[in-house]
Amino acid sequence: MIEQKNKLNFSNIVKLLRIHHYIKNIFIFVPAFFALKLTDYEVLISTFSAFILFSIVASSVYILNDYFDIEEDRRHPKKQYRPLASGAISKFEAIFLMAVLLILGSILMTFLPIKVSLVILIYILLNVAYTLHLKNVAIIDILIIAIGFVLRLFVGALVSGVNLSMWIVIMTFLLSLFIALAKRRDDVIIFMNTGNALRKVINGYNMQFLDVSMAIMASVVIVVYTIYTTSLDVIERVHSEYLYLTTFFVIVGIMRFLQLTFVLNQSGSPTNIILKDKFIMTTLAFWILSYSWILYY
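Before going further, it helps to spend a moment on the overall build of the protein. What the protein contains, in helices and strands, is 14 helices and 0 strands. In the protein, the succession of α and β elements from N to C terminus is α-α-α-α-α-α-α-α-α-α-α-α-α-α. Here the C-alpha atoms of the protein give a radius of gyration of 20 Å, agreeing with the 19 Å that 2.2 N^0.38 yields for 297 residues. For the protein, the accessible surface area stands at approximately 15,700 Å², while carbon and sulfur atoms represent 70% of it. The positive charge centre, built from 24 side chains, and the negative charge centre, built from 17, are 6 Å apart in the protein.

Now for the confidence of the model for the protein. When pLDDT is averaged across the protein, the result is 87; 96% of the residues are at 70 or more. Low pLDDT, under 50, characterises residues 1–8; the predicted model gives this stretch 0 contacts beyond four residues in sequence or across chains.

Moving on, we come to the packing of aromatic side chains. One pass over the structure, following the stated rule, counts 18 aromatic pairs. Between the aromatic rings of Phe-248 and Phe-249, the centroid separation amounts to 5.2 Å while the plane-to-plane angle is 80°, which identifies the pairing as edge-to-face. According to the relative accessible area criterion, Phe-249 is buried, its value standing at 18%. Taken together, Phe-33, Phe-34, Trp-167, Tyr-225, Tyr-228, Trp-287 and Tyr-291 form an aromatic cluster joined through their ring pairs. The cationic tip of Lys-91 hangs over the ring face of Tyr-67; the distance from NZ or CZ to the ring centre is 5.9 Å. Its end group placed over the ring of Phe-149, Arg-152 keeps NZ or CZ at 4.9 Å from the ring centre.

What follows covers the packing of helix 3 (residues 41–68) against helix 8 (residues 140–160). Viewed as axis vectors pointing N to C, helix 3 and helix 8 meet at an angle of 150°, and their least axial separation amounts to 9 Å. Relative to helix 8, the element helix 3 lies roughly antiparallel. Pair helix 3 / helix 8 crosses with right-handed handedness. Taken together, the residues of helix 8 that come into contact with helix 3 (itself represented by Val-43, Ser-46, Thr-47, Ala-50, Phe-54 and Tyr-62) are Arg-152, Val-155, Val-159 and Ser-160.

In this section: the side chain of Thr-229. Summarising the element assignment, Thr-229 is placed in helix 10 (residues 207–230). Here Thr-226 takes part through its backbone oxygen, which lies 3.0 Å from a polar atom of the side chain of Thr-229. Among residues more than four places away in sequence, those in contact with Thr-229 are Ile-235, Leu-243, Tyr-244, Thr-246 and Thr-247.

Conventions we followed
- Residues numbered from 1 in each chain as written.
- Predicted model: local features only at pLDDT ≥ 70, side-chain atom pairs only at ≥ 80, totals over all residues.
- Heavy atoms only, no water.
- Helix = DSSP H or I, 4+ residues; strand = E, 2+ residues; numbered from the N terminus.
- Rg over C-alpha atoms; globule rule 2.2 N^0.38 Å.
- Areas by Shrake-Rupley, 256 points an atom, 1.4 Å probe, with all protein chains shown as cover.
- Lys, Arg positive; Asp, Glu negative; His and termini not counted.
- Charge placed at Lys NZ, Arg CZ, Asp CG, Glu CD.
- pLDDT = per-residue confidence, 0-100.
- Contact = heavy atoms within 4.5 Å.
- Phe/Tyr/Trp six-rings, centres within 6.5 Å; stacked < 30°, edge-to-face > 60°.
- Buried < 20%, exposed > 50% of the residue type's maximum accessible area, 1.4 Å probe, protein only.
- Lys NZ or Arg CZ within 6 Å of the ring centre and 35° of its normal.
- Axes fitted to C-alpha atoms, helices over the stretch in contact; angles between N-to-C directions.
- Parallel < 35°, antiparallel > 145°, perpendicular 65-115°, else oblique.
- Left-handed = near helix turned anticlockwise from the far one by under 90°.
- Polar contact = N/O pair within 3.5 Å; in protein donor to acceptor, adjacent residues only side chain to side chain.

Quick look at the structure:
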């Protein structure tokens, strides 16, 4: 019985840290990937170190967010099972763990360039502001989510010594907005079906606005990516005229996400979609393989 209890406690801690959300931090590797530096051992180690640090800090932010969202999460059909909302982990335990992570993150920051620490500090402050108030301001809330992904890019660029391309920043920002809009759409659907407003910000959205905004973002992402792969400077840098072929996988991936959102209403957790939807996973794998082949071979 004791071993089972310890195992349960460990499982709850893992859920509280949202380790499966660390997939978002892969964006830290993106600058080095596009700059053909992932084969550089020193760059790879530095980038991986930044990935670990950012993941630790992100977990502390997730705990803070869950702490302030306990009551809202308890009314959510899925989030009610989160450790804090369900009572599996006490508020004191959560705060203690958050403090440990922040202290550990602060220590690790000293081993990275000061600019990297500043970007991570901006990420922390931005998310604290989001948790305390800005999550209740329509449009601003999804902008902060998108900016969080862009900050991951800057962390990756700084630790790998890469000049961040404006194309990567624009595409990441637009794609993140697209996904954030899908999350809000799921909240609106729950409100329409149950009459339960899980977030105050729901009053600033409706289905028409979200559907139109998602369609716009999806279109712009495809157009920007197509322009990127066919631009002369990119072709000269990668020494290949076939980068545009990877556009196929981008279009298919976005179409599948739109299908999951509009037809199946499964956009509540984009992270779970990426990790569990075989169609998305296959499309993403083919994009990575085809892009890697063109860049590195």
